[in-house]
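Listed here are the chains, written in short residue letters.
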Amino acid sequence: MPARQNLVVESMNSFAGRPIFTAMPTRTSQASDWANVDLLPIAQQFETPLYVYHADIIERQYKRLVNAFDVPKLELHYACKANTNLEVLRFMRSLGAGLDCVSLNEVRIGLKAGFAEEDILYTPNGVSLAEMLEAIDLGVGINVDSTSILEQLGQARPDVPVCIRINPHIMAGGNQKISTGHIDSKFGISIHQLPHVLRIVETTGITVSGVHMHTGSDIYDVAPFLAAADILLRVARQFPDLEYVDFGSGFKVPYKEGDIATDIEEMGELMSTRFREFCKDYGREVALVFEPGKFLVSEAGRFLVEANVVKTTPSTVFVGVNSGLNHLIRPMFYDSYHHIENVSNPKGKSRIYTVVGYICETDTFGANRQLAEVREGDVLGMHNAGAYCNTMASNYNSRERPAEVLIVDGEAHLVRRRETLEDLLGTQVEIGEMVKS
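This one's a predicted model, so the numbers in the text were calculated from it and none came from an experiment.

Caption draft 1: Quick peek at the packing of helix α7 (residues 129–137) against helix α8 (residues 147–156). With their axes 10 Å apart at the nearest point, α7 and α8 run at an angle of 55° to one another. Of the possible angle classes, the one that applies to α7 and α8 is oblique. Considering only the axes of α7 and α8, their crossing is right-handed. Here Leu129, Met132, Leu133 and Ile136 of α7 come into contact with α8, specifically with Ile149, Gln152 and Leu153. Classifying every residue of the contact of α7 with α8 by side-chain character gives six nonpolar, one polar and no charged.

Caption draft 2: Here's a closer look at the pattern of salt bridges. Counted by the stated rule, this structure contains 17 salt bridges. Note that Arg60 and Glu299 form a salt bridge whose closest N and O atoms lie 3.8 Å from each other. Placement of Arg60 in helix α4 (residues 55–68) and of Glu299 in the loop between α12 (294–297) and β13 (301–312) is noted, with a sequence separation of 239 residues between them. Overall, the relative accessible area of 26% leaves Arg60 in the partly exposed class. One salt bridge connects Asp259 with Lys252, and the closest N-O pair in it is separated by 3.3 Å. Within this structure, Asp230, Arg234, Arg274 and Glu277 form a network of salt bridges that share partners.

Caption draft 3: Spatial organisation of the state of the cysteines. Tallied over the entire structure, the rule returns zero disulfides. For Cys80, which is in no disulfide, the shortest distance to another cysteine sulfur is to Cys101 and amounts to 3.9 Å.

Caption draft 4: Quick peek at the nonpolar core. Among the nonpolar cores identified, the biggest contains 117 residues, and Tyr78, Phe239, Val245, Phe247 and Phe275 are the most heavily contacted of them. By residue number, the principal contributor to this core is helix α10 (residues 222–236), which donates 10 residues. In contact with Phe275, other than residues within four places in its own chain, are Val71, Leu233, Val245, Phe247, Val286, Ala287 and Leu288. Leu121, Tyr244, Ala287 and Val289 belong to the second largest nonpolar core, which has five residues in total.

Caption draft 5: Quick look at helix α11 (residues 264–282). Here α11 contains 19 residues, and its C-alpha end-to-end distance of 26 Å stays within 8% of the 27 Å for a straight helix at 1.5 Å per residue. All of the buried residues along α11 are Ile264, Met267, Gly268, Met271, Ser272, Phe275, Phe278, Cys279 and Tyr282. Projected down its long axis, α11 carries its buried residues within an arc of 135°, all on one side. Those residues of α11 that are exposed and angled more than 90 degrees off the buried face are Glu269, Lys280 and Asp281. Looking one or two places after α11, you find Gly283, whose phi comes out positive at around 100°.

Caption draft 6: Highlighting the pairing of strand β16 (residues 350–356). Relative to β16, strand β14 (residues 317–321) runs parallel, the two sharing three bridges. Note on β16: the bridge partner recorded for Gly320 is Val356. Alignment of β16 against strand β17 (residues 364–372), held across six bridges, turns out to be antiparallel. Bridge pairing links Val355 to Gly366 in β17.

Caption draft 7: Highlighting a nonpolar patch on the surface. There is a patch of nonpolar side chains on the surface, built from Val429, Ile431 and Met434 and spanning about 410 Å² of accessible area. Examined against the element boundaries, Met434 turns out to sit in the segment after α14 (421–425). Residue classification places Met434 among the exposed residues on the basis of a relative accessible area of 68%.

Caption draft 8: Expanded view of the pairing of strand β19 (residues 403–408). For β19, the buried fraction is high: five of the six residues fall into the buried class. Across five bridges, the pairing between strand β2 (residues 50–54) and β19 is parallel. Across the sheet, the residue bridging to Tyr53 is Leu406, located in β19. Strand direction decides the pairing type here: β19 and strand β20 (residues 411–416), joined by five bridges, are antiparallel. Across the sheet, the residue bridging to Val405 is Leu414, located in β20. Connecting β19 to the next strand, β20, in antiparallel fashion are two residues, including Asp409 with a positive phi near 55°.

Parameters at a glance
- Residues numbered from 1 in each chain as written.
- Predicted model: local features only at pLDDT ≥ 70, side-chain atom pairs only at ≥ 80, totals over all residues.
- Heavy atoms only, no water.
- Axes fitted to C-alpha atoms, helices over the stretch in contact; angles between N-to-C directions.
- Helix = DSSP H or I, 4+ residues; strand = E, 2+ residues; numbered from the N terminus.
- Parallel < 35°, antiparallel > 145°, perpendicular 65-115°, else oblique.
- Left-handed = near helix turned anticlockwise from the far one by under 90°.
- Contact = heavy atoms within 4.5 Å.
- Nonpolar A, V, L, I, M, F, W, Y, C, P; charged D, E, K, R; others polar.
- Salt bridge = Lys/Arg side-chain N within 4 Å of Asp/Glu carboxyl O.
- Buried < 20%, exposed > 50% of the residue type's maximum accessible area, 1.4 Å probe, protein only.
- Disulfide = S-S within 2.5 Å.
- Core = buried A, V, L, I, M, F, W, Y, C linked by side-chain atoms within 4.5 Å.
- Expected span 1.5 Å × (residues − 1).
- Arc of directions from axis to C-beta.
- Pairing = 2+ DSSP bridges.
- Patch = residues over 30% accessible without salt bridge, like charges linked within 9 Å, V, L, I, M, F, W, Y side chains within 5 Å.
- Areas by Shrake-Rupley, 256 points an atom, 1.4 Å probe, with all protein chains shown as cover.

So this is what it looks like as structure tokens:
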């Protein structure tokens, strides 16, 4: 067997059977975080549909990660594609987080939020050399995921240190659409192309200051993640000038009772031991970096909607709400589960409903859900709405995107106003009356 294949197989075997992704009784713990928050007056004050974020939960999750790892240098770069609200970013910065960005506008928003250039890593995919050079001009770190761009950067700007994103060819992630480290993925430079990478680095003289991987989100199994981590550490030994090794993220958060979640404390112990051994072998201390997104903000969000109609059909009782996949596409896009509660009538008799949106196509938030009896006008709350929800919202069906509220020290602050028709029309250009000749 070729040596490069041995690298993958041996890594898979070395971590098999380590149970750090476990089923946890999670709904109770999530509920307690929101126990002192009365969502109904917030919905009445700011109207629905409405995203509400809880700063205390963000802080709790951040501190869990910090406390889980025992290494000399730990850096957490918030993956801001999960939620780019300016005040959420500023709160992350106040906790000590850096920033992981995937577009130049995310970089610019991060800079506006007060992040220092050196605390931002730009990790795009499939962008041009011109865009990479623009990121360099903004002063942020850059992460390269193709040999083509690496070679061009080595010729154009060999003075700028780069991070290299490696694809370990390991399948991980809860859904094919969010698995990024397998052999068919567009992300990263193949582990099998490492000799080519080393030739480019030697020829151009470019400095590699970091190596990076991200295998995917919602990882259920420890073996693929730690096997990929082992591969990345072996790759890291090929570069003498590293300042950090970045393992991405993908930590699983709970969505319902008994759901599988990452045992961060157990994982931190295993990864810390492994990374301290690496630093000892490497000859100096480098930073251990993670890029949590969903882990930090998912549970910190609620999405509040109002029941427009309760509609009984021969087979189903539908609750039609004043929102749809234009505001929360994850259930239709990823088949993702969001727990739904009746905020207005929490002690009502339990009944079975299918909660649907107002978009003109199949548009289901949750099918066959047991909810406290829903009446027209009731406010419903959807859990785990802090990550990849409003950032993926659109104006489909010419609907305005919702407002956002951030709860800090028990007080609800409006941090994004609701869109208006004027916002929808603002970028359109009218050419006057068209007359056919």
